[in-house]
Amino acid sequence: MFAYTVKRLIQMVVVLWAVSVIVFLMMSFTGDPVFMVIPIDSSDAEIEQARRILGLDRSLTEQYFIFLGNLLQGDFGTSYVFRQPAIDLILERLPATMEIVVVAMVIATTIAIPLGVYAGANPGKPLSRLIMSGSLLGISLPGFWVGMMLIYFFAVEWRIFPSSGRGDTVEVFGVPTSLLTADGWSHVLLPAITLSVGTLAILLRITRAGMMEVSRQDYMKFARAKGVSRRGVLYGHGLRNGLIPVVTIFGLQLGDLIAFATITETIFGWPGMGKLLVDSIYRADRPVIVVYLMLVALIFVVINFLIDILYTMIDPRITVK
Amino acid sequence: MTMQSESRDPLLSVRDLRTWFHTFSGVVKAVNDVSFDLAQGEIMGLVGESGGGKSVVGFSILGLIDPPGRIEGGQILLDGEDLAKAPEDRLRKIRGREIAMIFQDPMTSLNPVHTIGRQMDEMLRLHTDMDEAARRRRCIEMLESVGISQAEDRLRAYPHQFSGGMRQRVVIAIAMLAHPRLIIADEPTTALDVTIQSQILKLMKRQVADHGASMILVTHDLAVVSEVVDKITVLYCGQVVERGDVRDVISAPSHPYTRGLIDSIPNPDHRQPRLSQIPGTVPDIRNLPKGCNFRDRCPRAQALCAQEEPKLAPTRQSLFAACHFPIGTGGDA
């Protein structure tokens, strides 16, 4: 286990390094950020000076190694736009994003698993067909459309929930959260539901496929021959055996939602990381984009590591090496 | 479960059982008018070729026939209670408690993600009101009685940490835990090494005797059966073609199909140049011919066999056979 963790840590460093190179190279092709930070009527001398201050006058290789050197000292670069450390900007907005993502994943999982188990255990029943058609719809509908429809009905027509922004927050251990106030929840629900739709549909289909496979196994019939109830057989014996692919997809979706809740956050004016990313791309705020994408890579690596550990807890036949 | 029930009353009485499967390509009459009795403490072999409906009989008794299969008719009387008409929640109390089942493949009949201990404990939790410590003691005793050493440690082990033979011992232990009165063993040794087979059979026979239980041993292997059972029921195309005490059936069967099955057992005492076999194959069960189902493969078939279906009738000694021209009766050369 220790050796495995060390191995995964080394792997993580390699991934992060590779991401930094790729992102750095890509960003250098996207134009000269100096024009974003200086007044439009600046003289050539002023432009040159700004370049020097930002370090853009050096070669790309030099820039990269300076960036890497700073990184190793804990300096992740400073936003051109906000003149603040890029990492602070991102971490400031991380709790807001995590909030809607966690609520979205809870919604998706608690609905997807029971429906998936039902559809997998009762293929061909009318309700199963309905569930599966619904899930196809969930996969096909684009998130922005779902968000707009929710706003139209719940915020405009029925006026149940607000259409945008983050509600009242309270600080818990220095982290602001809106999950402890009623106003906070009324703001969280619509974006969280919007985020959950696609994940719900995918998790449901994977759960169903797993349960259909598992239902054919002898140990399911053996459990029934022991006198276990149908429900007990499905959840006590079946589900855990069908869970490996579900957990895999859960991890990927979780990372995806954290990293790229961009569209939903934009529609609902949610002050999360995704909106920061979009804004930074518009403003060519290179340091923020680089740090953002490296953080995303880190999140994916960590989630996958945790998922691997989860595999071994779900299935004793799986060991990590 | 009346107090005055006579000792001769069978524990299990299956009457005209019909279990059919409604598939896209037609109705498969996997079990068609099967009847037999089983007394307390008796072991019966249910024998036939693959696809002969043997396993379906076992699953029908437990009410574990899944769609498209259905019990179409007949009675399954356990102590006079008709299981064919019992509701699911009643059947659930009977499964494991009154009737336990041992499956063919021990590699797949245990749940891979639960410990042996948990899978044993589940049986006792469902069917007894023992406390946790008592259940644990009982599980350890049971594992020891099926010949598993260090039982206490083994409770924490997972199925993949056991060999096939050991797993089947665990399955037997689970089946016996709640002291069921009837064991249905579906090809319990088929998936095991030959060297392990007779060990497991002896173990099962001893366990059944110790608990005073009855057993139905479903198998295609007559050699296996003859060592263990008291009586034999032979199925062919979902119907009983012969039944009787094991000695009578093995030494001088009266149905040509049984004869064929016995002759197909390799005999080390009489070296034959070729192993004999029954010619032809089992007919398509969705489309059975008129008359006797076995007539196309039968060396004794005559014109009558194509016209009239033979009924099960007494032939010699303890034997009943469904044959117009049973072996060893008049007209035999």
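All figures in this text were calculated on a predicted structure; none of them were measured in a lab.

Basis of the calculations
Residues numbered from 1 in each chain as written. Chains lettered and ligands numbered in written order. Predicted model: local features only at pLDDT ≥ 70, side-chain atom pairs only at ≥ 80, totals over all residues. Heavy atoms only, no water. Axes fitted to C-alpha atoms, helices over the stretch in contact; angles between N-to-C directions. Helix = DSSP H or I, 4+ residues; strand = E, 2+ residues; numbered from the N terminus. Parallel < 35°, antiparallel > 145°, perpendicular 65-115°, else oblique. Left-handed = near helix turned anticlockwise from the far one by under 90°. Contact = heavy atoms within 4.5 Å. Pairing = 2+ DSSP bridges. Buried area = accessible area lost by both parts, 1.4 Å probe. Salt bridge = Lys/Arg side-chain N within 4 Å of Asp/Glu carboxyl O. Polar contact = N/O pair within 3.5 Å; in protein donor to acceptor, adjacent residues only side chain to side chain. Expected span 1.5 Å × (residues − 1). Buried < 20%, exposed > 50% of the residue type's maximum accessible area, 1.4 Å probe, protein only. Domains from an automatic or database assignment. Patch = residues over 30% accessible without salt bridge, like charges linked within 9 Å, V, L, I, M, F, W, Y side chains within 5 Å. Areas by Shrake-Rupley, 256 points an atom, 1.4 Å probe, with all protein chains shown as cover.

## Looking at the packing of helix H9 (residues 218–225) of chain A against helix H10 (residues 230–241) of chain A
Residues and elements named next belong to chain A.
Working step 1: Where H9 contacts H10, the axes come no closer than 10 Å and their chain directions differ by 165°. Of the possible angle classes, the one that applies to H9 and H10 is roughly antiparallel. Taken as a pair, H9 and H10 cross one another with a handedness that is right-handed. On H10, the residues that touch Tyr219, Met220, Ala223 and Arg224 of H9 are Val233, Leu234, His237, Gly238 and Asn241.

## Here's the deal with the pairing of strand E2 (residues 26–38) of chain B
All names here are of chain B.
Working step 1: One ladder, built from 9 bridges, connects strand E1 (residues 12–23) with E2; its direction is antiparallel. In the sheet register, leucine 12 faces E2, and the bridge partner there is leucine 38.
Working step 2: From the end of E1 to the start of E2, which pair antiparallel, there are 2 residues.

## Remarks on the interface of chain A and chain B
Working step 1: Listed per partner, the contact involves 18 residues of chain A and 28 residues of chain B.
Working step 2: Together, Phe222, Arg224 and Lys226 of chain A form the three largest contributors to the area buried by chain A at its contact with chain B, with a combined 31%.
Working step 3: As a salt-bridge pair, arginine 224 of chain A and aspartate 66 of chain B come within 3.0 Å of each other at their nearest N and O atoms.
Working step 4: Between chain A and chain B we count 13 residue pairs in polar contact (both at pLDDT 80 or more) in total.
Working step 5: If you list the elements that add at least two residues to the side of chain A that touches chain B, you get H9 and H10 of chain A.
Working step 6: Here the side of chain A that touches chain B gets 6 residues from one element, more than from any other, and that element is H9 of chain A.

## A word on helix H1 (residues 2–28) of chain A
The periodicity of an α-helix, 3.6 residues per turn, causes residues three or four positions apart to be oriented the same way.
Residue and element names in this part refer to chain A.
Working step 1: In this model H1 runs 39 Å from its N-terminal to its C-terminal C-alpha over 27 residues, within 8% of the 39 Å that 1.5 Å per residue would give.
Working step 2: Among all positions of H1, only Tyr4, Arg8, Met12, Leu16, Val19, Ser20, Val23, Phe24 and Met27 are buried.
Working step 3: Elements in contact with the buried residues of H1: helix H4 (60–72) and helix H14 (286–314).

## Topic: the domain arrangement of chain A
Residues and elements named next belong to chain A.
Working step 1: Structurally, chain A comprises domain 1 (2–72) and domain 2 (89–314).
Working step 2: Just the C-alpha atoms count here: the centres of domain 1 and domain 2 sit 33 Å apart.
Working step 3: On the side of domain 2, 16 residues touch domain 1, which itself brings 18 residues to the contact.
Working step 4: Carbon and sulfur atoms make up 79% of the area that domain 1 and domain 2 hide from each other, which totals about 1500 Å².
Working step 5: For the domain 1 face of the interface with domain 2, the top three residues by lost area are Arg8, Leu16 and Met27, together amounting to 32%.
Working step 6: The interface formed by domain 1 and domain 2 includes 1 salt bridge.

## Considerations on a nonpolar patch on the surface
All names here are of chain A.
Working step 1: The grouping of Tyr152, Phe153, Val156, Trp158 and Ile160 at the surface amounts to a nonpolar patch, some 500 Å² of accessible area in total.
Working step 2: Note that valine 156 resides in helix H7 (residues 143–157).
Working step 3: Exposure remark for valine 156: the relative accessible area of 43% places this residue in the partly exposed category.

## Observations concerning the sheet that holds strand E11 (residues 313–314) of chain B
Residues and elements named next belong to chain B.
Working step 1: What the 8 strands build is an open sheet, ordered E6-E7-E8-E3-E9-E10-E12-E11; its pairing is mixed. Every other strand in the sheet has two partners, leaving strand E6 (99–102) and E11 as the edge strands with one partner each.
Working step 2: Inspection of the sheet shows strand E7 (residues 182–186) paired to strand E8 (residues 214–219) by 5 bridges, in the parallel sense. Residue alanine 185 lies in a different strand from E8, and its bridge partner there is leucine 217.
Working step 3: Where helix H7 (residues 164–176) meets the sheet, its contacts fall on E6 and E7, and the angle it forms with E6 comes to roughly 175°.

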